[in-house]
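Structure assessment
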Amino acid sequence: MLPPIDPLDYGLLVLGGIAAGVINSLAGNGSAITLTLLMGMGLSPAWANATNRIGVVFQTITAVLSLPRNEQLRELRKNFGLDPSIRTGNDHRGLVCR
């Protein structure tokens, strides 16, 4: 069992989680903050990484579920079939990569 968390440490974890969420939304790599905080609280690197993966899983699920509501993506899908140069480029790239 883990030792009790000091209120100051709890506050740092909450603020670090918020900062990591903002950074992940803007540019990514918020895990650098959360991993550092978790290891600073005494978790081993393996446990800190495993704990951090929980948040990443929820973030990925949220992104996948919100993707169909993205208007720009719908426009791209709608217009994708209308431009033959895009289609031809993709077909050739598929042949080269095989």
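What comes next concerns the included structure.

Conventions adopted
Residues numbered from 1 in each chain as written. Predicted model: local features only at pLDDT ≥ 70, side-chain atom pairs only at ≥ 80, totals over all residues. Heavy atoms only, no water. Helix = DSSP H or I, 4+ residues; strand = E, 2+ residues; numbered from the N terminus. Buried < 20%, exposed > 50% of the residue type's maximum accessible area, 1.4 Å probe, protein only. Contact = heavy atoms within 4.5 Å. Areas by Shrake-Rupley, 256 points an atom, 1.4 Å probe, with all protein chains shown as cover.

Section: the overall build of the chain
Helix and strand content of the chain: five helices and zero strands. Along the chain, helices and strands appear, N-terminal first, in the series α-α-α-α-α. The burial tally for the chain puts 9% of its 98 residues in the buried class. Looking at the chain alone, contacts between residues at least 24 apart form 21% of all its contacts between residues at least 6 apart. For the chain, the computed accessible surface area is about 7,900 Å², with 68% contributed by carbon and sulfur atoms.

What about the environment of Arg53?
Relative to the assigned elements, Arg53 resides in helix 3 (residues 45-66). Exposure remark for Arg53: the relative accessible area of 38% places this residue in the partly exposed category. Separated by 22 residues in the primary sequence, Arg53 and Ser31 place their C-alpha atoms 9.1 Å from one another.

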